[in-house]
Amino acid sequence: MPSIKPVSDLRNYTEVLRDVDGGEPVFLTKNGRGRYVIIDIEEYEKINATLKLFSELEKGEQSAREKGWIKSEDVKRMLRHDKRN
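Everything quoted here is computed from the prediction, not taken from an experiment. Numbering of residues starts from 1 in each chain and follows the order in which that chain's sequence is written. The model is predicted, so local features are restricted to residues of pLDDT at least 70 and side-chain atom pairs to those at 80 or more, both for listing and for counting; the totals for chains, interfaces and linings are taken over all residues. Derived side-chain values reflect all non-hydrogen atoms in the structure, with water molecules and hydrogen atoms excluded from consideration.

### Brief notes about the overall build of the protein
A count of helical and extended segments in the protein gives 3 helices and 3 strands. The order of α-helices and β-strands along the protein, N terminus first, is β-α-β-β-α-α. Relative to its length of 85 residues, the protein is extended, with a C-alpha radius of gyration of 22 Å against a globular reference of 12 Å. Viewed in the frame of its principal axes, the protein has a C-alpha envelope of about 60 × 30 × 20 Å. Exposure classes here rest on a 1.4 Å probe applied to the protein chains alone. A residue is buried below 20% of its type maximum, exposed above 50%, and partly exposed in between. Every one of the 85 residues in the protein was classed for burial, and the buried ones make up 9%. A fraction of 12% describes how many contacts in the protein between residues 6 or more apart in sequence connect residues 24 or more apart. Surface accessibility in these figures is a Shrake-Rupley result with a 1.4 Å probe; residues are shielded only by whichever protein chains are displayed. For the protein, the accessible area works out to roughly 7,700 Å², and carbon and sulfur atoms hold 54% of it. When charges are tallied, Lys and Arg are placed among the positive residues and Asp and Glu among the negative ones, while His and the ends of the chain are skipped. Here the site of a charge means NZ on Lys, CZ on Arg, CG on Asp, or CD on Glu. The protein carries 17 positive and 16 negative side-chain charges, and their two centres are separated by 6 Å. Note on conventions: DSSP H or I runs of at least 4 residues are helices, E runs of at least 2 residues are strands, and numbering of each starts at the N terminus. The atom set for the radius of gyration is the C-alpha atoms, and the globule formula is 2.2 Å times the number of residues raised to the power 0.38. Whether two residues touch is decided by their heavy atoms; if any such pair falls within 4.5 Å, the residues are in contact.

Put into structure tokens, the structure is as follows:
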């Protein structure tokens, strides 16, 4: 179950951070509405890496739509050639 707390709970930030250490994000509300999220740095890095991967995959997809796909046999041949050099 998500941990949702009012931003005023940051006065006792040790307790809020303890909830984050449990591996789950803590959602902070301001005036009753969701406003902030506190996450562990490892989770933040995973999210950023995932976003970067998706961005690179999208670039590849776009390139394939514009320039066409490479046949798997051609890729295997290029990889074999690279190993020899």
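This is not the end of the story, as more comes after the structure.
### Some points on the pairing of strand β2 (residues 26-30)
Strand pairing requires that DSSP identify at least two bridges connecting the strands. Sheet analysis places strand β1 (residues 3-6) next to β2, joined by 4 bridges and oriented parallel. In the sheet register, I4 faces β2, and the bridge partner there is F27. With strands facing away from the observer, any crossover in which the path from the first strand over the helix to the second runs clockwise is taken as right-handed. Running through helix α1 (residues 13-21), the crossover from β1 to the neighbouring parallel element β2 is right-handed. The pairing of β2 with strand β3 (residues 33-38) spans 5 bridges and is antiparallel. When the sheet's bridge partners are listed, T29 is paired in β3 with G34. In sequence, β2 turns back onto β3 through a hairpin of 2 residues, with N31 there showing a positive phi of about 55°.

### Details of a positive patch on the surface
Residues K76, R80, K83 and R84 make up a contiguous surface patch of positive charge. For R80, the position within the fold is in helix α3 (residues 72-84). Residues forming no salt bridge and having over 30% relative accessible area are the ones grouped into patches, like charges within 9 Å of each other and nonpolar side chains (Val, Leu, Ile, Met, Phe, Trp, Tyr) within 5 Å. By convention in these notes, a salt bridge is any Lys or Arg side-chain nitrogen within 4 Å of a carboxyl oxygen on Asp or Glu.

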